[in-house]
Amino acid sequence: MTGSRPLRHKLLHLACVVLIVTAGFAAGGCQPQPTLAPTPTRTAMPPDEQAAETEAAETQEPEVVEEGEQEDPTIISIDLGTPPETIDPAKVAPLNGAENDLVDNLFAGLFRINPQTNQLEPGLAESWEKTEDGLTWWIRLRQDIYWVKINPQTEQIEPVRSINAEDVVYSVRRICHPSTGTPLGYQPGMFLIEGCEAINAMRNPLPTDEDIEQTLGVKVIDDYIVEFTLTEDSAVFPSILAMSMFHPVPADLVDVEGDAWTNPETIWTSGPYTLQPTIPAEEGYTLIANPHWPIERTGNIDIILIGFDNTGEAYQAWKEGSLELVTVPADQLANTPFRNDPAYRMLALPGTSFIVFSYESYPVNDPLVRRALSLSIDREAFVYETLAMTRQAGLPAASLVPPGSVLAPPFDEKATGYDPDAARAALEEAGYPGCYSFPRSYFYTDDTDNALEIANTYIAMWEKELGCTGRFIVRRKPLRELYDLLQTPQTMVVDNEETQRPIMITLAWEADYPDTQHWLADILGCQELFPDAYLDQLRTCGTFDRQLEQAPGEFDDETRAETYASILDGLFSDTGEMPVIPLYYYARPLAISDRLDITDTHAGPLHFDRWVLESE
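Below or above, wherever it landed, is the structure these notes cover. (Residues numbered from 1 in each chain as written. Predicted model: local features only at pLDDT ≥ 70, side-chain atom pairs only at ≥ 80, totals over all residues. Heavy atoms only, no water.)

## Examining helix H12 (residues 379-389)
At step 1: Counting buried positions over the 11 residues of H12 gives eight, a clear majority of the element.
At step 2: Looking at the buried side of H12, the elements it contacts are strand S14 (344-357), helix H11 (367-375), strand S15 (394-396), helix H14 (451-466) and strand S19 (580-592).
At step 3: Once H12 finishes, Arg 391 follows within two positions and takes phi at roughly 70°, a positive value. (Buried < 20%, exposed > 50% of the residue type's maximum accessible area, 1.4 Å probe, protein only. Helix = DSSP H or I, 4+ residues; strand = E, 2+ residues; numbered from the N terminus. Contact = heavy atoms within 4.5 Å.)

Encoded structure:
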């Protein structure tokens, strides 16, 4: 959808929307945010006792408050750029900002990642326990989170029923089923659930209901208790359950409506907002605060009018004050003052670009050389100048792990990993003062548009800061060939300029699940301890590998976070081993009104229930 027509169309419905919200707000109140359950390391209560306890609990109904005089709702208009292809939680693309924004606000997840602290917060999950061997987990659901919809006759938001264990089990079966088309990635987190990988591999023929029942490790214990059987004991399991794909869907509605269940006139939602049904999806979305949402909203936004514009018209409307938040168009990135104007912000997506070293290749087998090359890259200048000129958005990365990953250290905008004095000192200590006698080295990049320009930018920085003029030669190959070349031992490669194993390759990674463990172990892990790790750098296993091997068995979040902070410091500080050079995080560029506070967040999805619009 383009232009301002969709926004005008939605405003025609505003009187109806205001009526819905005013009536709806009288129907429910808020309860305090639940606290996290005790660390699930003790033996759990047996399922039959849990079931009995649940049956004894009183069924909670939405609290009804006498209707009285209501304040006018707080309304904002925003534009999220490219329209979503789906708002089905099982099908959203990990790097699609708009899709994840909508799913996170329309559907309750079992867990949610706090965008400021990178800590998990409970959502639908009220408490959880596991057996001593960690292979069986029981998750108890809150009973006061409801599927809701807008009644077209009364124009009020009404509860349909509470989310139950059957919804959760149905949703897990659905994302494991190969016909659903759930995005998997290279190291699918959902395969931690026993049988999910086997079910997903059944393509011809497709798995039957009996196959799923017998194979998949998830089942209903009672209305509000779900049992998971895992392939291994792992503290990252709650992080996996925080993914958009694991947000439950209403089993009975999806069975009846099929793919049409997400249409605005059909959909049931369960999150802090619901969807106005009278506006076609192609016209944009209107989100309305759910009065039956039991978790406290820290923001004050009642109605969100959302458009999707690819023409630049929305950006111009934001400049004129008609919109509170927009996506900055790609052709405007190079002209936008992200570095010094708080109205503009880059929010990290779960993807990182980096340069990979071959540990067997001279001279980068020396950590001093690797460190010198990393410290001499001005990532801020690269991101906001070179990368922006190619119409790509990024956030300077001093570490491999992007903001928004569970238990990642707090993001520091000023820590960009650029220190040319330290870089020159490291190179001199390595025996190459002023890059004297540094050997000619091949630097490989892919054959996509702008890849050569980007690679030459890094080389220009090495020449400027280190004096390494003419020492790096760029070679280009298709990405698949680059990865194959990286995994080929030097002894198997013909020693000539075209086929020599490169000392450096530019690659990237998109997260398969949002946990720091994944970013370190599944990418950098040494082959002896992590044989399925993405990179094969022929690196000898070290202290940090052994720490990573033990980290999933640590269920105290504070201790696990301290472990990762120590590892990251040992790898990427100015005295670190530097196995790769982190370059930039994938990002979404936003322009934000000075009246709108979206919290001090550096990663998505956008949490509308935390936003505050200041009065004029």
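What follows picks up the thread again.
## A closer look at the state of the cysteines
At step 1: Scanning the entire structure with this criterion turns up three disulfides.
At step 2: With its sulfur 2.1 Å from that of its partner, Cys 176 forms a disulfide with Cys 196. Here the disulfide of Cys 176 and Cys 196 is left-handed, its torsion about the S-S bond being about -105°. Of the two residues, Cys 176 sits in helix H5 (residues 165-176) while Cys 196 sits in helix H6 (residues 196-200), which places them 20 residues apart along the sequence.
At step 3: Judged by its relative accessible area of 0%, Cys 176 falls in the buried class.
At step 4: Between the sulfur atoms of Cys 435 and its disulfide partner Cys 468 the distance amounts to 1.9 Å. (Disulfide = S-S within 2.5 Å.)

## Section: the packing of H12 against H14
At step 1: Where H12 meets H14, the closest approach of the two axes is 10 Å, and the angle between their N-to-C directions is 140°. In this view, H12 runs oblique relative to H14, as classed from their interaxial angle. Crossing hand, H12 versus H14: right-handed. Along its contact with H12, which presents Phe 382, Thr 386 and Leu 387, the element H14 presents Glu 453, Ile 454, Thr 457, Tyr 458 and Met 461. (Axes fitted to C-alpha atoms, helices over the stretch in contact; angles between N-to-C directions. Parallel < 35°, antiparallel > 145°, perpendicular 65-115°, else oblique. Left-handed = near helix turned anticlockwise from the far one by under 90°.)

## Describing the environment of Met 245
At step 1: When you line up the elements, Met 245 lands in the loop between helix H8 (237-241) and helix H9 (251-257).
At step 2: When the C-alpha atoms of Met 245 and Met 190 are compared, they prove to be 9.3 Å apart, with 55 residues separating the residues in sequence.
At step 3: Once residues within four sequence positions are removed from consideration, Met 245 is found in contact with Pro 89, Ala 90, Ile 175, Thr 182, Pro 183 and Met 190.

## Quick notes on the pairing of strand S18 (residues 504-510)
At step 1: Here S18 lies mainly inside the structure; five of its seven residues are buried.
At step 2: As paired elements, S14 and S18 share seven bridges and run antiparallel to each other. Note that in S18 the partner of Phe 354 across the bridge is Leu 507.
At step 3: Two strands pair when backbone bridges link them, and strand S16 (residues 441-445) and S18 are joined in this way by two bridges, in the parallel orientation. Bridge pairing links Phe 443 to Met 504 in S18. (Pairing = 2+ DSSP bridges.)

## Some thoughts on the nonpolar core
At step 1: Core analysis: the biggest nonpolar cluster contains 121 residues, and Phe 228, Phe 246, Leu 287, Ile 306, Leu 524, Leu 535 and Trp 611 have the highest contact counts within it.
At step 2: When residues of this core are assigned to their parent elements, the largest contribution, seven residues, is made by H5.
At step 3: Those residues in contact with Phe 246, other than ones at most four positions away along the chain, are Val 172, Ile 175, Met 190, Ile 193, Ile 240 and Leu 241.
At step 4: Grouped together as the second largest cluster of nonpolar side chains are 57 residues, Leu 395, Met 461, Trp 462 and Ile 581 included. (Core = buried A, V, L, I, M, F, W, Y, C linked by side-chain atoms within 4.5 Å.)

Keep in mind these values describe shape, not function.
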